[in-house]
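The residues making up each chain are set out below.
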Amino acid sequence: MRRRGPPSRLGREEVTVELSITDEAGPAAFEALIAADAKIEPRDWMPEPYRRNLIRQIAQHAHSEIMGMQPEAHWITRAPSLQRKAVLIAKVQDEAGHGLYLYATAETLGVSRESLLDALHAGRQKYLSFINYPVLTWADVGALAWLTDGAAVVNQVSLCRTSYAPYARALVRICREESFHHRQGFDLLYALSRGTPAQRRMLQAAVDRWWYPALAMFGPPDHLSVHSERSLAWRIKRAGNDELRQRFVDMCVPQAEALGVTLPDPALRWNPERGCHDFTPPDYDELKRVVAGDGPCNRERLAHRRRVHEEGAWVREAAAAHAAKQAARRTPQADARANGAFTGHPAGSSDGHPANTAPGNVGKRADQTDGGGAATGEWADDRGVTVTSEGHAAETAVERTSENGGEGAGGWPLWEVFVRARRGVNHVHAGSLHAADAEMALRNARDLYTRRGEGVSVWVVRSDGVAASSPDEKDVLFDPGNDKPYRHPSFFEVPEGVGNL
Amino acid sequence: MTSTGFEQALALGDDALIAAQRMAEWCARAPEIEEDVALANIALDLLGQARALLSYAGELEGLGRGEDELAYLRDEHEFRNVQLVELPNGDFAVTMAKLLFFAVHQQVLYAELAGGDGPLAAIAAKAVKETAYHASHATLWTVRLGDGTAESHRRMQQAIEHVWPYTHELFEGSDRRGAWLARVEPVLADATLTRPQDGWAPTGGRRGVHTEAFGPLLAEMQYVHRAHPGARW
């Protein structure tokens, strides 16, 4: 079942309509890769439930980053020192960046960001429950970061070994950046712990508020979590909820001592037999209620997110309209610019006009996700949360080939980003993003992929302008190259004593 | 250094600080997530400039006031920023109009200061690259919105009309308006916008006279710091 037809887009799933015809090689190859603890790439064959499960988890991880900006963002204007203000802006900015990495990762599975955001706004997909708790004092800003970012790091470090390669790559980047979040939270609290009595009271009260929401981030106990078992088998998740929660508690106890705070659990004590701490688990009924929408801030967080999206619509439309006008005015030799923005390298041809301005074409791909569970092990089952049935419409491979290489964010096409890390090395693919035009794509790429000094040069190229080889052709294309050992110097035996060969 | 040096560093520092504070209000509110990242970058640049300038002003003053004392423990009438930067954000078009006019002004000014010597020249040399980026970001958006849809054109035209009067204050006692106009007018033309007429020219920021919107901005910015006198953060 080799694909025939035009070359496919980079990273966009291109499994063909013949998928329903049993392809013996696909499932067997997939199982073999999983068994060997190897990575699955976007264009590899994968079972539909694996793909759906991944989309659910990655989408909810992405939503958590975006929604997670809110509880802290409203403290930026009140930060009590200019340095703390700068740190907090950088942290919230990272969360937007992480959301973008993750939406881009989800898009490699054939869903558009637009459809995922629709699902979030409609309440069909969830995000981590702690985001629905209020951040009441400056100390809460620190406690939230110390505890929930700490929990996120424990979760995500484990997830870096996930079987889906683009997700693993995004997580490596995220973990690197997230440890800054965790540490600045601790640092903020540490300053309070050395401060005035009022500051220390504020600190203790905030830790009291955030301890259990952080524990709940690891989701329900393993025996109650349906997704957990399946995700572990596919190596999407690499450790169970209970194990990670325990790891987190053990990590926090000495840190709490350094801060001089009491963790709000009278049952918390070292158990020499188990070699770890006993503790009171979070209230899973409360977790269930919060995930289902009845936490203290669910309504306002979601309303804020929807309002922002609606208020931004005219801006996104304007940028798309301007890009279309520019394309229409463009002379043929300027087409290259529309299709890719490079430093010293011509881009491909094609008209540079957004290939598909009808968002409807992307479809309601997000409907396929079931709304349960969250990115990193949240209440992850099909029972505790509202699930829309429309989401379970049969998935056909035909849909998966939908023309989503272009559109997504309000008609802004998708671009692939290549970064030169330093003078003397190649540009390397870093990820993707949405932008109305090449200039915007370059600037977004700079902000998104080089904000920690990771680059000296950037290329962006329209995703639908990249031709990629199909995994089905892998054997034909690459096996013959493995069959000619005489191309390598090691093929030839060198007589003893002969040098410089 | 003379008190003029202190006044100058304070005025530029206050401009950057209040512009950063307003820009940071966009966090988690931008029209697209990519733009959230971009606006946060601009806010961080401005905040960095403010910290350097206020620290330098504090040194010149020699009374032991650092960046935080200057930012958090002065009242409205002691701030020397122009009124333009304290104007409420409005919609995205107003914010881009403010950014365009302010960043181009900063760019012209910092390029000039970077040619001098001393600490201010060093601060300006770093800032001039940042402001060039801000000006370019605002330019691209002004053109996209001006030459986008009918709705965005209307909003962008309204935005520049709204902000234009406040630009006069940027050039009080300087001859940089010509250089500023030479950069701003072509952007407005590219954006198919009509350059607003000069006329009403509100002023007072440099003397500590501000708009009504400034008090609430400071109240929000300063209250945690002021509620804990002498505390360290």
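Refer to the preceding data block for the structure.
Residues numbered from 1 in each chain as written. Chains lettered and ligands numbered in written order. Predicted model: local features only at pLDDT ≥ 70, side-chain atom pairs only at ≥ 80, totals over all residues. Heavy atoms only, no water.

Our next topic: the overall build of chain B. Tallying secondary structure elements over chain B gives nine helices and zero strands in all. The N-to-C order of helical and strand elements in chain B reads α-α-α-α-α-α-α-α-α. For chain B, the C-alpha radius of gyration of 17 Å lies close to 17 Å, the compact-globule estimate for 233 residues. Across its three principal directions, the C-alpha atoms of chain B cover 55 × 40 × 30 Å. Within the span of chain B, comprising 233 residues, buried residues form 61% of the whole. Counted over contacts in chain B with a minimum sequence separation of 6, partners at least 24 positions apart contribute 79%. Taking the average location of the 20 positive side-chain charges in chain B and that of its 33 negative ones, the two points are 1 Å from each other. (Helix = DSSP H or I, 4+ residues; strand = E, 2+ residues; numbered from the N terminus. Rg over C-alpha atoms; globule rule 2.2 N^0.38 Å. Buried < 20%, exposed > 50% of the residue type's maximum accessible area, 1.4 Å probe, protein only. Contact = heavy atoms within 4.5 Å. Lys, Arg positive; Asp, Glu negative; His and termini not counted. Charge placed at Lys NZ, Arg CZ, Asp CG, Glu CD.)

Take the overall build of chain A next. A tally of regular secondary structure across chain A gives 17 helices and six strands. The buried share of chain A, reckoned over its 501 residues, is 58%. If you take every contact in chain A between residues at least 6 apart in sequence, the share linking residues at least 24 apart comes to 76%. When the accessible surface of chain A is summed, it comes to about 20,500 Å², and 54% of that surface belongs to carbon and sulfur atoms. (Areas by Shrake-Rupley, 256 points an atom, 1.4 Å probe, with all protein chains shown as cover.)

As enumerated under the stated definition, the model contains eight cavities of 30 Å³ or more in all. Contributing elements (two or more residues each) for the lining of the largest cavity: α2 (48–67), α4 (82–107) and α6 (138–159) of chain A. The greatest single-element share of the lining of the largest cavity, amounting to five residues, is contributed by α6(A). By residue class, the composition of the lining of the largest cavity is six nonpolar, six polar and six charged. Approximately 110 Å³ is the volume attributed to the second largest cavity. What lines the second largest cavity is Ala19(B), Arg22(B), Met23(B), Leu46(B), Leu84(B), Val85(B), Asn89(B), Thr95(B), Lys98(B), Leu99(B) and Phe102(B). The element best represented in the lining of the second largest cavity is helix α5 (residues 92–114) of chain B, accounting for four residues. (1 Å grid on protein atoms, 1.4 Å probe; cavity = no way out; pocket = protein on both sides within 12 Å on 5 of 7 lines; lining within 4 Å. Points joined across faces, edges and corners; volume = space filled by probe spheres on them. Nonpolar A, V, L, I, M, F, W, Y, C, P; charged D, E, K, R; others polar.)

All right, on to the pattern of salt bridges then. Under the definition given, this model contains 39 salt bridges over all chains. The salt bridge partner of Glu7(B) is Arg80(B), with a shortest N-O separation of 3.7 Å. Of this pair, Glu7(B) sits in helix α1 (residues 3–24) while Arg80(B) sits in the loop between α3 (67–72) and α4 (83–86); the two residues are 73 residues apart in sequence, bridging distant segments of the chain. The class of Glu7(B) is partly exposed, set by a relative accessible area of 36%. In this structure, Glu130(B) and Lys126(B) form a salt bridge, with 3.0 Å as the shortest nitrogen-oxygen distance. Remark: Lys126(B) and Glu130(B) occur in helix α6 (residues 119–146); sequence separation between them is four residues, near one turn of the helix. Note on Lys126(B): relative accessible area 53%, which makes it exposed. Linked by salt bridges that have partners in common, Glu72(A), Lys91(A), Glu95(A) and Asp149(A) make up one network. (Salt bridge = Lys/Arg side-chain N within 4 Å of Asp/Glu carboxyl O.)

Residue and element names in this part refer to chain A. What the rule picks out here adds up to 23 aromatic pairs over all chains. With centroids separated by 5.6 Å and ring planes inclined at 90°, the aromatic side chains of Tyr-50 and Trp-234 adopt a geometry described as edge-to-face. With a gap of 184 residues between them, Tyr-50 in helix α2 and Trp-234 in the loop between α9 (226–233) and α10 (241–259) connect regions that are remote in the sequence. A residue is classified by how much of its surface remains accessible, and Tyr-50, at 0% relative accessible area, is buried. (Phe/Tyr/Trp six-rings, centres within 6.5 Å; stacked < 30°, edge-to-face > 60°.)

What follows covers the state of the cysteines. Residue and element names in this part refer to chain A. Under the defined criterion, the tally for this structure stands at zero disulfides over all chains. Cysteine Cys-175 is unpaired, with the sulfur of Cys-160 as its nearest cysteine sulfur at 3.5 Å. When its relative accessible area of 12% is taken as the criterion, Cys-175 is described as buried. (Disulfide = S-S within 2.5 Å.)

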